[in-house]
Amino acid sequence: MLLSAASGAADAFVFLCVGQVFAGVMTGNLVLLGAAAAGAGEHGVALRVVTALVSYACGVAGAALAGERMWRRVPLTLLVEVVLLAAGAWLWAAGLVASDADRLGLLVLLGLAMGIQGRVRATPTNYFTGTLTSLVGRLAGERAWREGDGWTAGRLAAVVAGAAAAALAVRFWPAAGGVAAAVLAGAALLVEATAAERGKPRPDRGNPAGAA
């Protein structure tokens with residue numbers, strides 16, 4: 001749920017501050033690319049969309065390649081995401097994102113981060129059309145609430161909450177627009193690292209000599 005909220009915050013920040021594109025919702029970006037190819041949409045959106053798509057794909061590919069080789073894959077992969085989001089938040093807060101080229105660079109950082117996040121878990125945390133379709137379709141068919149549906153609905157609500165947090169920051173404290181995504185992803189990293197530490201096998205202590 002924390003990662004879902006981080007996704008909502010990152011996309012809201014990018015959409016509001018970078019320029020009418022998304023860091024993690026590639027379906028929306030593909031639609032925008034098609035509209036731009038037909039001559040619709042604001043000036044320069046096609047370049048931003050392509051940048052987001054390529055950055056996201058590189059994040060997914062990098063996480064997939066590194067994931068097979070890194071010890072404690074999920075915490076370390078999430079750490080890379082948090083660093084990227086924090087770097088983007090700092091650049092924005094420091095006033096270093098002033099030109100269109102700077103905004104493209106910021107979009108690269110956040111697109112990479114969302115691509116990494118999309119690869120971390122099999123459960124979607126940054127694309128939710130299928131999640132919503134499955135939940136509503138099953139509820140309509142079975143007319144019964146299952147035990148796991150609360151978590152599904154919670155992820156959907158978390159996206160909205162994360163986006164609202166980022167939008168409020170942009171509105172009332174513009175320099176902190178990118179902070180919500182970094183903080184939420186950092187909280188998710190803390191949860192993952194704690195879970196990994198609890199699940200790590202402990203060294204065998206007090207095993208009698210010669211025991212099997």
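See the structure shown above.
In this text the structure is predicted, and so the values were computed from the model without any measurement.

> What's the story with the overall build of the chain in this structure? I'm lost.
Scanning the chain from N- to C-terminus turns up eight helices and zero strands. Along the first, second and third principal axes, the C-alpha atoms of the chain reach 75 × 50 × 35 Å. Here the analysis covers contacts within the chain between residues at least 6 apart in sequence; of these, 70% occur between residues at least 24 apart. Put simply, the chain shows about 11500 Å² of open surface, and 67% of that area lies on carbon and sulfur atoms.

> Can you walk me through the nonpolar core in this structure?
Taken as a class, soluble globular proteins show a tendency for nonpolar side chains to be buried jointly. Counting 44 residues, the largest nonpolar core has Phe-13, Val-14, Leu-85, Leu-106 and Leu-110 as the members making the most contacts within it. Elements with a contribution of two residues or more to this core: helix H1 (2-19), helix H2 (26-37), helix H3 (45-67), helix H4 (73-93), helix H5 (100-120), helix H7 (149-172) and helix H8 (179-199). Here this core gets ten residues from one element, more than from any other, and that element is H1. Beyond its immediate sequence surroundings of up to four residues, Leu-85 is in contact with Leu-110, Ala-113, Met-114, Ala-181, Ala-182 and Ala-185.

> Sorry, what's going on with the packing of H4 against H5 here?
The geometry of a pair of packed helices is captured by two quantities: the angle between their axes and the separation between those axes. At a minimum axis separation of 9 Å, H4 and H5 run at an interaxial angle of 160°. In this view, H4 runs roughly antiparallel relative to H5, as classed from their interaxial angle. Where H4 crosses over H5, the two elements pack in a sense that is left-handed. Across from Arg-73, Val-74, Thr-77, Leu-78, Val-80, Glu-81, Leu-84, Leu-85, Ala-87, Gly-88, Leu-91 and Trp-92 in H4, the residues of H5 making contact are Arg-103, Leu-106, Leu-109, Leu-110, Leu-112, Ala-113, Met-114, Ile-116, Gln-117, Arg-119 and Val-120. Within the contact of H4 with H5, the residues separate by chemical class into 16 nonpolar, three polar and four charged.

> Help me understand the pattern of salt bridges, please; the structure alone is not making it clear to me.
Where side chains of opposite charge bring their charged atoms close, a pairing between them can arise. For the structure on display, the rule yields two salt bridges. The partner of Arg-138 in a salt bridge is Glu-142, with the nearest N and O atoms 2.8 Å apart. Residue Arg-138 and its partner Glu-142 are both found in helix H6 (residues 129-142); the two are separated by four residues, about one turn of the helix. With a relative accessible area of 15%, Arg-138 lands in the buried category.

> I keep staring at unusual backbone geometry and nothing clicks. Help me out?
Trans peptide bonds make up most of the peptide bonds, and negative phi angles are found at most residues other than glycine. One non-glycine residue with positive phi stands out, namely Gln-20, at about 60°. Summarising the element assignment, Gln-20 is placed in the loop between H1 and H2.

> I would appreciate a short explanation of the packing of aromatic side chains in the present structure.
The description of an aromatic ring pair uses the distance of the two centres, along with the angle that the planes make with each other. Tallying each qualifying case throughout the model produces two aromatic pairs. Here Phe-13 and Trp-92 contribute two aromatic rings whose centre-to-centre distance is 5.5 Å and whose plane-to-plane angle is 85°, an arrangement assigned as edge-to-face. Of this pair, Phe-13 sits in helix H1 while Trp-92 sits in helix H4; the two residues are 79 residues apart in sequence, bridging distant segments of the chain. The pair Phe-13 / Trp-92 is uniform in exposure class, with both members buried. Here Phe-15 and Phe-22 contribute two aromatic rings whose centre-to-centre distance is 5.2 Å and whose plane-to-plane angle is 25°, an arrangement assigned as stacked.

Calculation criteria
Residues numbered from 1 in each chain as written. Predicted model: local features only at pLDDT ≥ 70, side-chain atom pairs only at ≥ 80, totals over all residues. Heavy atoms only, no water. Helix = DSSP H or I, 4+ residues; strand = E, 2+ residues; numbered from the N terminus. Contact = heavy atoms within 4.5 Å. Areas by Shrake-Rupley, 256 points an atom, 1.4 Å probe, with all protein chains shown as cover. Core = buried A, V, L, I, M, F, W, Y, C linked by side-chain atoms within 4.5 Å. Buried < 20%, exposed > 50% of the residue type's maximum accessible area, 1.4 Å probe, protein only. Axes fitted to C-alpha atoms, helices over the stretch in contact; angles between N-to-C directions. Parallel < 35°, antiparallel > 145°, perpendicular 65-115°, else oblique. Left-handed = near helix turned anticlockwise from the far one by under 90°. Nonpolar A, V, L, I, M, F, W, Y, C, P; charged D, E, K, R; others polar. Salt bridge = Lys/Arg side-chain N within 4 Å of Asp/Glu carboxyl O. Phe/Tyr/Trp six-rings, centres within 6.5 Å; stacked < 30°, edge-to-face > 60°.

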